[in-house]
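Structure assessment
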Amino acid sequence: MSGSWRLMLWMLLLGELTTGPQFSIQAVFLNRCRTPTQNVCNFVCDCWDCSDENQCGYQKESVALAIPFTCDFEGSTCGWEDVSTTNFRWGPARASISNWGTDPSFDHTLGTDLGWYMTTTKQEVKPSAVARLRSPAMREAAATCEIHAWYHLWGPGLNESHHPTLTLELSNENYTTTLWRNPLSSVSPWREMVAYTGQIRGTFQVTFSVTQDYSRPAQMALDDVEFRNCGLPTPSSGPTSCGPDELQCSNSGACIAADRRCDGTEDCQDGDDEDPDHCASFSVCHFEGGWCGWATVADRTFLWVRNFSLQADQSSAERPTRDHSTNSPAGYFVYVHNQHLGLQGGSAWLASPVLTVNNTTPCHLVFYLHLHGSNTNILNIYYRTEKAMELVRTRSGDLGNYWFREKVDFQVEEKFQIVIEGLVGAGQKGSIALDDLILSPGCMEQSSNLSVPLEPGPGSSCGPDQFPCRNGMLCIGAELVCDFKADCEDGSDEWECGMVSANSSGGWMDLSVGRLQWTVRNPSGQINATGHALGLSEGPGQMLSVARAATPVLGPSGLSCTLEMDFTTGPQGFLALAIADESLGTRRWVWAALGNGTVMWEWARVPLGARARPFQIELMGSEDLQGSGDPSLLAVSNLAFVNCDASAVLANSSGLSCNFEKGWCNWFVEQSDGFEWELSASPGCGTDHTTGSGSFLCANPSAPGVQGLSARLISSPQTSVADFSCFSFWYRMEGPQIGTLSLLVKYAGDPEQVIWSRTGSHGAVWHRAFSTVSHRPGQKFQLVFEALRDGFLGSMALDDFAVIAGVCEAQKSCSFEMDDCGFSAGECQAWVRQKAAGGQGPPTDHTLGLPEGHYMLLNTSESALPPRQAVTLHSQAFPPLRRIHCITFWYHLKSSHPGFLRADIKDGGKHKVSLSVNLVPGEAWHYGNFSVRVEDEWQVTFEVEGFGGGPSSYLALDDLHVKEGGCSGAGSCDFELGTCGWSKPPGDWYSWDWKEGATPSQSPSPRIDHTFGTKAGHYAYVDIAMLGMGRSVARLTSEPLTPATNSCLRFHYHMDFLGQSSQAELRVKVSSLEGERTLWSAAGHQSQAWLHQTLRVSSLTEFQIVLEATSGAWPNSETIAVDDVSYDTGPSCGKTEGSQETGGSGEGSRAGMVAGIVCSVLLALLAAGAAVYCLKRWRTLGERMPMERTSVQGFDNVAFRDDRVIIPPMPTDGEVE
């Protein structure tokens, strides 16, 4: 039995043994054109549909990522085979947000818990075991081939000194070579790995291996394995004209530059550019048979040592595992041997024979460099003459675990010698190694020597962990360099720290390994070490990756730290900035810009915020060298770090107020692991509150590439002379998985205190909130907004902060999660605020549906509340209500005797009985509401009279809200103010939400509601695409309803899946103690219009109505919407058939229906030509309008709803009313 079949059977068995979602295997076509075996899985599409490149360890393309030659493990393992020999194995898995911190909470492909990845099993093994995942056989990798993948490491066995080992190995012919090994700092979520295969002729396989110790259990996950630039050059589609100095490959027609011939890398598929006859005049040293005239200088701290990987000291994990010449562990290379001197640093020199330059032929040195494992190691290339020693090229930083091409030109008029210096910095060892030193024919070897001996220059008087100030007056600790404040008298410790100006190159290290590189330019565009701009130019490397540059290690930085710069991307270039955290191994993009068709300079400001040391800023750039792109047009200048000193005291700001129209005011992003607040004016996050078209703050956990559990926004330190102040702000929380938004207050030295919080969706509308902040005399404080996600669908937004003197008015929404919201029980103190897990009371609250939630509780036992004795619960005073409002609340009763709850309104000293509820015992939370309109300040009072309850009797209240507008009846809702008594079952986060038609959503949704027929109207909806395979049900339930024999349920629904083979279904169910039964269902595409349905409902016991949406086996990007639900207990239900009432997407439905009827009559009476014309007209009436962009009329920080008058649209020409 083959390994692929074993893995498939193991996956099926895993599905039987576990309760989690089963891995659904998707069918793919394999080699439909029957291309020869030697051309299958060679990274080149030979079939018209590229099916010869499926199940190769990659598919022809990842549909989710739109990247070729990638395996995203969504419905396929791409031919990867588990070849483990123990129970410690690889298998597919899917993440869960509930397992945050233990298992991956999201995959890397989709960034949600709907995506799949490969992971190791949780079995403990003795004493250790290896899990191996092997690819199918692949063929013919180019020298430019890169393997990118994302891995995630977690488990209780992780610590600073121990991590399970993840390696990527390549098996080719008789050798197995380690291409990559995970670094120690690998504990961050989904870290990228990059490995390089080198050029491979013939068949090879790659294997991911994880080694785990029994005493330190941990797990590894793998996702998005991509093979990039691995195919050999293919023949061009048309004739190609090459330059006079270029070579045209005979097989592909590609043009090869003169300086890339005979350079040790085959650029032509047939190797024309490395033809032995043409390359015979080049001086090549592979180090296979010796030093070839190159010599190590003996009087240096370290020596260059010649060896091969199978024999070289492997105490350093960064040592090369293969040479470049043969791409095998048996090939020789030279490296700086620094084992015995620890981590103190030093240098090694390698000198060439004495050379002269042929005036008619260029002289250059091509060599391959392995510089990996340390940011402090440096390689310097000098030439020395009888007179001087000149530095001509420097490489520094960690370039990656491979051999990268370098090229240095020499234009020297006298005899000279090349000196290659390997400079090992203090700290981590790393690797400096060389192979394939190739001198062009213009470098002519001389038999004579230089008369001046090779001697080192003067060394530094400072220690290895110190920095010498440029004025020679002081040595400071290396940790004080680039900390955004001057510690040297002359400030030289901050000169080379990333600030590019007219006087400094900023100390940027070019980390490029491809055909683009970063260089320093002067205003005329010429390269100059004291220039003023970082610019992109052609580089010497052999890879096809983007150009990268990095600052030295920076930090720590302060809250208000920002990066400012001028930049130009050219007409079609690309620039990006990322923050790299060496300790966590993370690299997160913070800014990007694409070519705008011009060469104009622009200005950018990038907030960095408070960050611990060490971190680096990385600059990335790209341009198309094969097309009309010009890399010299991309540049960055006047780059500066502003207000970054972490020790500087932030000036006391003018306050906390901000509308974010002109920036962040005195609010700052607190450092996180990738999920952050952003200043936004994008309709993707909705529209702002201030003007309807301005800026606001948005935290979007569903954005691509976003990681992390929380996003934090922090104010500058504040002082106040008053005892209290009221902080006012507007917020929006939309999406079925949005999580929790909290406001915290922070005093120096004390734990943060939550003073306001909301959980779950509050619809796609702005809400105003208040929170009272109590101040401590003489102490500064800060406010913090924290967004905590519980899923991957939705967004949060903030706008219009303001500070009001004194204590805030009564809260119009109270979940009792933070406090009692000012409710008081008078002198008897019978009501108490309690956590659900605190003892007597419902086991879960209503807000969260969790034991950790809170509510107000009253002990109604006969001993605590005798019969006919009443107790009350009073709210704070509310301001007058100029319009009618609805007060809603939830209650929970446990008693053997029914009782009653009365709600009174105290209006200017008058008492009004607004609601009297006959309490119904049960195991569920029940819903109550009543309408009020008062002219004066008012309070709401809940009164309960004793009814002789048993010892465990109680009454609980939760989730009191005061909302503008009238109340809906039981089981009814138009979704304009919320979801009324309808709610999602606890824990069902992949479910329903409510929104307005104008608000964009991930999947296409109705652009108008049914209630008003406008974009401003609201409805309930569920995004089918977010259900995913294996999580196919979303439920929205009504409040518990009293028994009924012949009630009516009327509702409108929208299921527009035209053009899709949708299996989505909407069901209406009745759920009670008797069980669940389905009253009605509709599946697949129904109409582009809102449809109406009437159903008879009956139940002998208390029941709930359930709206259930299912995705089917293959979810699509589609939306099921419901609006205007009406429940009536009257005796007559009328017709129960459904009908179409409202046109979809901007056209009147009645006109469309009448037109359809007319067309039907014409089809029966007229000729075939007239019938065809009518059918065309019918289709035209049903077509959808183009998607509209949101545009909302602004208003001045006041939320109100005018009385609305809906004027039906006039019929258009040809429509019949």
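Note that this is a predicted model, so its numbers are computed, not measured. (Residues numbered from 1 in each chain as written. Predicted model: local features only at pLDDT ≥ 70, side-chain atom pairs only at ≥ 80, totals over all residues. Heavy atoms only, no water.)

1. Description of the overall build of the chain
The number of helices and strands found in the chain is three helices and 69 strands. Restricting the contact set of the chain to residue pairs at least 6 apart, pairs at least 24 apart contribute 76%. Accessible surface for the chain amounts to roughly 52,500 Å². Of this, 52% is attributable to carbon and sulfur atoms. (Helix = DSSP H or I, 4+ residues; strand = E, 2+ residues; numbered from the N terminus. Contact = heavy atoms within 4.5 Å. Areas by Shrake-Rupley, 256 points an atom, 1.4 Å probe, with all protein chains shown as cover.)

2. Remarks on the pattern of salt bridges
Taken as a whole and judged by the stated rule, the model has 31 salt bridges. Among the salt bridges present, the one from Arg-395 reaches Glu-406, with a minimum N-O distance of 2.3 Å. With a gap of eleven residues between them, Arg-395 in strand β23 (residues 389-396) and Glu-406 in strand β24 (residues 404-410) connect regions that are remote in the sequence. Across the pair, exposure class does not vary: Arg-395 and Glu-406 are buried alike. Across the salt bridge formed by Glu-1076 and Lys-1069, the nearest N and O atoms sit 3.7 Å from each other. (Salt bridge = Lys/Arg side-chain N within 4 Å of Asp/Glu carboxyl O. Buried < 20%, exposed > 50% of the residue type's maximum accessible area, 1.4 Å probe, protein only.)

3. Topic: the sheet that holds strand β43 (residues 710-715)
Sheet architecture is open: five strands sit in the order β40-β43-β48-β45-β46, paired in antiparallel fashion. Pairing within the sheet leaves two strands with one partner each, and these edge strands are β40 (667-669) and β46 (753-759). Geometrically, the sheet is characterised by an average inter-axis angle of 20 degrees between neighbouring strands, direction not taken into account. Across three bridges, the pairing between β40 and β43 is antiparallel. Residue pairing in the sheet places Val-669 in a bridge with Leu-713 of β43. (Pairing = 2+ DSSP bridges. Axes fitted to C-alpha atoms, helices over the stretch in contact; angles between N-to-C directions.)

4. Re the pairing of strand β54 (residues 885-894)
The buried count for β54 comes to nine of ten residues, which makes it a mostly enclosed element. Here nine bridges tie β54 to strand β59 (residues 954-964), and the two strands are oriented antiparallel to one another. Paired with Lys-894 across the strands is Tyr-954, a residue of β59.

5. So, the sheet that holds strand β42 (residues 696-699)
Taken together, five strands build an open sheet; the order of strands is β41-β42-β49-β44-β47 and the sheet is antiparallel. Unpaired on one side and paired on the other, β41 (678-680) and β47 (767-774) mark the two borders of the sheet. On average, adjacent strands in this sheet sit at an angle of 35 degrees to one another, irrespective of strand direction. Note: β41 against β42, three bridges, orientation antiparallel. Paired with Glu-678 across the strands is Cys-698, a residue of β42.

6. Focus: the environment of Pro-68
Looking at where Pro-68 falls in the secondary structure, it is placed in strand β2 (residues 67-71). Sequence separation between Pro-68 and Glu-53 is 15 residues; the distance between their C-alpha atoms is 9.7 Å. With near-sequence residues (within four places) excluded, Pro-68 lies in contact with Gln-59, Lys-60, Glu-61, Glu-226 and Phe-227.

7. What to know about the nonpolar core
Nonpolar side chains in soluble globular proteins generally cluster together in the buried interior. Judged by nonpolar contacts, the single largest core of 50 residues is most densely connected at Trp-304, Phe-410, Ile-418, Ile-420, Leu-434 and Leu-437. Where this core is concerned, the elements lending two or more residues are β19 (332-337), β20 (346-357), β21 (363-372), β22 (378-384), β24, β25 (416-424) and β26 (431-439). With 42 residues, the next largest nonpolar core counts Phe-88, Tyr-151, Met-193 and Phe-227 among its residues. (Core = buried A, V, L, I, M, F, W, Y, C linked by side-chain atoms within 4.5 Å.)

8. Here we look at unusual backbone geometry
Residue Pro-556 follows Gly-555 across a cis peptide bond; omega there is 0 degrees. Mapped onto the elements, Pro-556 comes out in the loop between β33 (547-550) and β34 (562-568). Residue Pro-614 is bonded to the preceding Arg-613 through a cis peptide linkage, with omega at 5 degrees. With respect to the helices, strands and loops of the structure, Pro-614 is situated in the loop between β37 (602-607) and β38 (616-622). Its identity as a non-glycine residue notwithstanding, Phe-484 has a phi of 70 degrees, on the positive side. Looking at where Phe-484 falls in the secondary structure, it is placed in the loop between β29 (475-477) and β30 (509-510). Look at Phe-484 and you get buried, because its relative accessible area is 16%.

9. Considerations on the packing of aromatic side chains
Applying the stated criterion across every chain yields a total of 45 aromatic pairs. Taking the centre distance of 5.7 Å and the plane angle of 35 degrees together, the rings of Phe-574 and Trp-589 count as tilted. In this pair, Phe-574 is assigned in strand β35 (residues 574-581) and Trp-589 in strand β36 (residues 586-594), connecting sequence segments 15 residues apart. Overall, the relative accessible area of 19% leaves Phe-574 in the buried class. Given a relative accessible area of 48%, Trp-589 falls into the partly exposed group. One Lys or Arg, Arg-300, reaches over the ring of Trp-349 and ends 4.3 Å from the middle of that ring. Looking at Arg-789, its charged tip hangs above the ring of Phe-106, at a distance of 5.7 Å from the centre. (Phe/Tyr/Trp six-rings, centres within 6.5 Å; stacked < 30°, edge-to-face > 60°. Lys NZ or Arg CZ within 6 Å of the ring centre and 35° of its normal.)

10. Regarding the side chain of Arg-758
Inspection of the secondary structure assignment puts Arg-758 in strand β46. The charged side chain of Arg-758 is buried without a salt bridge, its nearest counter-charge being Asp-819 at 8.1 Å. One polar contact links the side chain of Arg-758 to the main-chain carbonyl oxygen of Ser-813, over a distance of 3.2 Å. For Arg-758, the contacting residues outside a window of four places in its chain are Tyr-731, Met-733, Gly-739, Thr-740, Leu-741, Gln-811 and Ser-813. (Lys, Arg positive; Asp, Glu negative; His and termini not counted. Polar contact = N/O pair within 3.5 Å; in protein donor to acceptor, adjacent residues only side chain to side chain.)

11. As for the confidence of the model for the chain
Put simply, the chain has an average pLDDT of 82, and 82% of its residues get 70 or more. Here residues 524-530 scores under 50 on pLDDT; set against residues more than four positions off or in separate chains, the count is ten contacts. Scored below 50 in pLDDT, residues 1141-1217 makes 93 contacts in the model with residues more than four places away or belonging to other chains. (pLDDT = per-residue confidence, 0-100.)

12. Comments concerning the environment of Lys-835
Within the secondary structure, Lys-835 is located in strand β51 (residues 831-835). For Lys-835, a relative accessible area of 39% corresponds to the partly exposed category. Taking C-alpha positions, Lys-835 is 5.6 Å from Gly-853, a pair spaced 18 residues apart along the chain. Those residues in contact with Lys-835 that sit more than four places away from it in its chain are Pro-851, Glu-852, Gly-853, His-854 and Tyr-855.

13. Considerations on the environment of Gly-841
Inspection of the secondary structure puts Gly-841 in the loop between β51 and β52 (854-859). Along the backbone, Gly-841 and Tyr-855 are 14 residues apart, and their C-alpha atoms lie at a distance of 9.1 Å. With sequence-adjacent residues up to four places away left out, Gly-841 is seen in contact with Gln-834, Tyr-855, Leu-857 and Tyr-954.

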